[in-house]
Amino acid sequence: MQFAEVKPSDIAINHHYLQSQEMNKIFQQVLVPLTALTTPLQSWGIWGSANQVSTPEMVCGAANYTTEIVSLDPLAVYINGFMSKSEIAYLRNLLTHLARDDPMVECIIKRSTDFVGFIPHDGFEALQVVRYFENERHDPHFDWFQSPPKIASGLTCNRAASFFVYLGDEPEGGETCFHYLYPAPPDADPKKFSNINSDDGLGVAVKPITGNAMFWMNLYSNNTGDPRVQHSALPIRSGTKYGMNILLKRCWE
Ligand SMILES: O=C(O)CCC(=O)C(=O)O
Ligand SMILES: [Fe+2]
């Protein structure tokens, strides 16, 4: 089976990542601060651990996803059907007035908390929804902070792991590229994955399929950041892409 190859030169130089004032205004009141990665974390400690979470039966279906391990070390997992079409429709309809205690937000946090299982953590940051228009992209970056912030209690916190959930539409382009993960094997589903044609032979690109998600670890167990999970989003060639970051916190003394 042939994979469409993505060349490193396709990967982001001048990305425009939701920096317009207009977009910021739209999302400021929302659940969902559209923060750039460098924005200080206003929300440490607000989003909670499992015991703060209710089960909003009305809007939150039973988890109904399947998983495929993309990389064992660093751990990276592809999730089929992490969010259902109706959950995504609900989220996208309410995007501009969704409250922090909205049952759907609680549902997503609960599902994510269940997924991370035994991984030591301190709850989640506020959800971040991002939108890309044509030609927009996200340059190679880490989700973990190189200088992790100290919170009021004196603890230092960083992003232990990330989920990125594709919320539609399904644009041309817009793949999430992991530059240092091994390429997809020949029997991987080409609808979901393609390979990066890099000099070092590494790299996998994940296509934005609505409802599916990637999960990966950002920190080693000694809390230092793992450079192997550098990633980027390729430019949208046509269409629009919505996605959601669900970022797992970990704090230490
Ligand atoms: O848009 C993507 O595919 C990835 C986005 C991302 O890495 C981020 O928002 O931190
Ligand atoms: Fe990221």
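Where an unreviewed UniProt entry is consulted, the protein chain appears under the name Fe2OG dioxygenase domain-containing protein, with the organism given as Penicillium chermesinum. Its UniProt record gives the protein chain the following Cofactor (unreviewed entry) comment, quoted word for word: "L-ascorbate".

Participant: So what exactly am I meant to see when it comes to the site of ligand 1 here?
Facilitator: The environment of ligand 1 is formed by twelve residues, the closest being Tyr 132, Thr 176, His 231, Lys 241 and Asn 245. In the environment of ligand 1, an oxygen atom lies 3.1 Å from a nitrogen or oxygen atom belonging to the side chain of His 141. When ligand 1 sits alone it has 290 Å² of accessible area, and the protein chains cover 100% of it. Of all elements in the fold, only β5 (138-141), β12 (231-233) and β14 (241-252) reach the threshold of two or more residues within the shell around ligand 1. The residue makeup of the shell around ligand 1, split by class, is five nonpolar, five polar and two charged.

Participant: What's the story with the sheet that holds strand β6 (residues 156-166) in this structure? I'm lost.
Facilitator: What holds strands together in a sheet is hydrogen bonding between their backbones, with the strands either parallel or antiparallel. If you trace the six strands from one edge of the open sheet to the other, you get β2-β3-β11-β6-β14-β4, paired in antiparallel fashion. The sheet is open, and its two edges are formed by β2 (66-71) and β4 (128-132), each paired on a single side. Across the sheet, the mean angle separating the axes of adjacent strands is 25° when strand polarity is ignored. Pairing of β4 with β14, which is carried by five bridges, proceeds in the antiparallel orientation. Its bridge partner lying in β14, Gln 128 is registered against Asn 245. Here helix α3 (residues 103-116) sits on the sheet and contacts β2, β3 (76-80), β6, β11 (213-217) and β14; the angle it forms with β14, its principal contact strand, is near 55°.

Participant: Sorry, what's going on with the environment of Tyr 182 here?
Facilitator: Tracing the chain through its elements places Tyr 182 in the loop between β8 (176-178) and β9 (193-196). For the pair Tyr 182 and Leu 202, spaced 20 residues apart in sequence, the C-alpha to C-alpha distance is 5.1 Å. Beyond its immediate sequence surroundings of up to four residues, Tyr 182 is in contact with Leu 202, Gly 203 and Val 204.

Participant: Sorry, what's going on with the coordination of the iron ion (ligand 2) here?
Facilitator: The reference angle at a metal is 109.5 degrees if four donors form a tetrahedron and 90 or 180 degrees if six donors form an octahedron. Surrounding the iron ion (ligand 2) are the protein donor atoms His 141 (NE2), Asp 143 (OD) and His 231 (NE2), at 2.1 to 2.2 Å. Counting gaps between the donor residues of the iron ion (ligand 2) yields the pattern H-x1-D-x87-H. Of this pair, His 141 sits in strand β5 while His 231 is found in strand β12, placing the two residues 90 residues apart along the sequence. Each member of the pair, His 141 as well as His 231, carries the same accessibility label: buried.

Participant: Can you help me understand the confidence of the model for the protein chain in this one?
Facilitator: Low pLDDT marks regions whose predicted coordinates should not be analysed in detail. In the predicted model, the protein chain carries a mean pLDDT of 80, and 74% of its residues have values of at least 70. Within the model, the stretch residues 8-56 combines pLDDT values under 50 with 110 contacts to residues more than four positions away or in other chains.

Participant: I keep staring at the pairing of β11 and nothing clicks. Help me out?
Facilitator: Across a regular strand the side chains alternate sides, sitting on one face of the sheet and then on the other. With five of five residues buried, β11 is to be regarded as a mostly interior element. With four bridges connecting them, β3 and β11 associate as antiparallel partners. Paired with Val 77 across the strands is Phe 215, a residue of β11.

Participant: How should I be thinking about the state of the cysteines in this particular structure?
Facilitator: What makes a disulfide is a covalent bond joining the sulfur atoms belonging to two cysteines. Taken as a whole and assessed by the stated rule, the structure comprises one disulfide. Each sulfur of the disulfide joining Cys 157 and Cys 251 lies 2.1 Å from the other. Handedness here is read from the sign of the S-S torsion; for Cys 157 and Cys 251, about 105°, the answer is right-handed. Of this pair, Cys 157 sits in strand β6 while Cys 251 sits in strand β14, and the two are 94 residues apart along the sequence. The exposure classification of Cys 157 matches that of Cys 251, with both residues buried.

Reading the values: rules and limits
Residues numbered from 1 in each chain as written. Chains lettered and ligands numbered in written order. Predicted model: local features only at pLDDT ≥ 70, side-chain atom pairs only at ≥ 80, totals over all residues. Heavy atoms only, no water. UniProt positions renumbered as here; feature names shortened; annotations may be inferred. Near = heavy atom within 4 Å. Polar contact = N/O pair within 3.5 Å; in protein donor to acceptor, adjacent residues only side chain to side chain. Areas by Shrake-Rupley, 256 points an atom, 1.4 Å probe, with all protein chains shown as cover. Helix = DSSP H or I, 4+ residues; strand = E, 2+ residues; numbered from the N terminus. Nonpolar A, V, L, I, M, F, W, Y, C, P; charged D, E, K, R; others polar. Pairing = 2+ DSSP bridges. Axes fitted to C-alpha atoms, helices over the stretch in contact; angles between N-to-C directions. Contact = heavy atoms within 4.5 Å. Donors = N, O, S within 2.8 Å, 3.2 Å for Na, K, Ca; no water. Buried < 20%, exposed > 50% of the residue type's maximum accessible area, 1.4 Å probe, protein only. pLDDT = per-residue confidence, 0-100. Disulfide = S-S within 2.5 Å.

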